[in-house]
Amino acid sequence: QVQLVESGGGLVQAGGSLRLSCAAFPRILNDMRWYRQTPGKQREWVAGVTSGGNSKYADSVKGRFTISRDNAKNTVYLQMNSLNPEDTAVYYCNAREFVLLSQRDYWGQGTQVTVSS
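The following paragraphs examine the structure supplied in this document. Model, not experiment: these values are computed from the prediction. (Residues numbered from 1 in each chain as written. Predicted model: local features only at pLDDT ≥ 70, side-chain atom pairs only at ≥ 80, totals over all residues. Heavy atoms only, no water.)

**Points about the sheet that holds strand β8 (residues 75-80)**
If you trace the four strands from one edge of the open sheet to the other, you get β1-β3-β8-β7, paired in antiparallel fashion. The sheet is open, and its two borders are formed by β1 (3-7) and β7 (65-70), each paired with just one other strand. Across the sheet, the mean angle from the axis of one strand to that of its neighbour is 15 degrees, orientation sign disregarded. Pairing of β7 with β8 involves six bridges; the strand directions are antiparallel. Within β8, the residue paired with S68 across the bridge is Y77. (Pairing = 2+ DSSP bridges. Helix = DSSP H or I, 4+ residues; strand = E, 2+ residues; numbered from the N terminus. Axes fitted to C-alpha atoms, helices over the stretch in contact; angles between N-to-C directions.)

**Quick look at the environment of R104**
As for its placement among the helices and strands, R104 is situated in strand β10 (residues 102-107). Along the primary structure R104 and Q1 are separated by 103 residues, whereas in three dimensions their C-alpha atoms are 9.3 Å apart. Excluding its chain neighbours within four sequence positions, the residues that come into contact with R104 are A95, R96, E97 and V99. (Contact = heavy atoms within 4.5 Å.)

Right under this line is the structure:
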């Protein structure tokens, strides 16, 4: 069982930056991701990073967002730059593991990011 606690959300003007953090207890997993969701829409994958540091991004955030991790601190980050109103959403941290060929997903409670125009 893994608990995830996000922080760092808030209100920012368009063009601004925010950094989200996700602390994992008792330990960070190999496959860590960020998702986001707006009312009435499906949860959208934003970025992912593995323990080896390999990262991937959704096209909508590529070049603006950076995912990183500090394994010693059991924390994953999402640096968000050049924010625009379309980035407004609740951002969720996700940890995924495979146990006996079955997939387990763990989710944080979410943190609200609001970008004003």
